[in-house]
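Descriptive analysis of the structure
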Amino acid sequence: MEVGTLRAILRKHRVWANIQPDVRMLKTRGEIGRALSADEQHRLLIAVKNVRSRSLYPAVLLSLHTGLRNAELRHLRWRQIDFLEKQLIVGKSKTAGGEGRVIPLSETAFSVLHEWRREFPDAAPAHYVFPTERYGLAGEEGYLEGKVVPYAIDPTKPIGSWKVAWTAARTAAKVDCRWHDMRHTFVSRLAESQASDATIMSLAGHLSRKMMERYSHTRAEAKRAAISRSEERRVG
């Protein structure tokens, strides 16, 4: 994709033809990720509670229960969360289909957001749910006990990245995955519940044809398993 962007620039300046014979375009990676097993999710959730970033746990849990992309999560504002209706509205998204979609909150997602909101008693609707902040040891007691506390919190700016904390958590949990795999986990659960393609698209936003084929297969496997269980009960 990077070479493709460079090619477009060179074409505009009429110089691509001069080097085209010497350029070999690389194949674009086509994997779409995977769903995490229940055990992997459990180990990951334990690990994210023990890293320096206090926001990683609610972010990971919310990702697993809403399917939000990393950027959608980082740019989430409090005004997008309706605690009365227990739902959130996605803001700026990677695709037009993803922007503005409404996602009902599970009890787990609602609870973690409610608890996280208590950390910001002065939060305004325009403030970010996951604001930028830094971490350090708390005074003399912190240096003695290793207690980490947040500081330099700016609710008007979204957190830049969870990369360091996320890597540490995955390593501790011994789970080889990407952040985007939590979105796949969410969608896979929808498919296993026999949700229709329209419902999945509505909750997840844009999904490629390849991804929809994967989830159609997951849905078919769930149907076979249900038939098998019903047959076992009938025979017994």
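Up top is the structure.
Residues numbered from 1 in each chain as written. Predicted model: local features only at pLDDT ≥ 70, side-chain atom pairs only at ≥ 80, totals over all residues. Heavy atoms only, no water.

Under the criterion given, the structure shown has nine salt bridges. The closest approach of N and O atoms between Glu 72 and Arg 69, which form a salt bridge, is 2.9 Å. One salt bridge connects Arg 178 with Asp 181, and the closest N-O pair in it is separated by 3.6 Å. Given the relative accessible area of 3%, Asp 181 is considered buried. Residues participating in the shared-partner salt-bridge network are Arg 54, Glu 119 and Glu 133. (Salt bridge = Lys/Arg side-chain N within 4 Å of Asp/Glu carboxyl O. Buried < 20%, exposed > 50% of the residue type's maximum accessible area, 1.4 Å probe, protein only.)

Counted by the stated rule, this structure contains seven aromatic pairs. Where Trp 116 meets Phe 120, the ring centres are 5.1 Å apart and the plane angle is 75°; that geometry is what we call edge-to-face. Comparing Trp 116 with Phe 120 shows no difference in burial state: the two are buried. On the basis of an interplanar angle of 65° and a centroid distance of 5.0 Å, the ring pair of Trp 166 and Trp 179 is categorised as edge-to-face. Here Trp 179 lies in the loop between α8 (163-173) and α9 (180-192) and Trp 166 lies in helix α8, a separation of 13 residues in the sequence. With a relative accessible area of 10%, Trp 179 lands in the buried category. By way of ring pairs, the aromatic residues Trp 116, Phe 120, Phe 130, Trp 162, Trp 166 and Trp 179 are connected into one cluster. The ring of Phe 110 is capped by Lys 86, whose NZ or CZ atom sits 4.7 Å from the centre of that ring. (Phe/Tyr/Trp six-rings, centres within 6.5 Å; stacked < 30°, edge-to-face > 60°. Helix = DSSP H or I, 4+ residues; strand = E, 2+ residues; numbered from the N terminus. Lys NZ or Arg CZ within 6 Å of the ring centre and 35° of its normal.)

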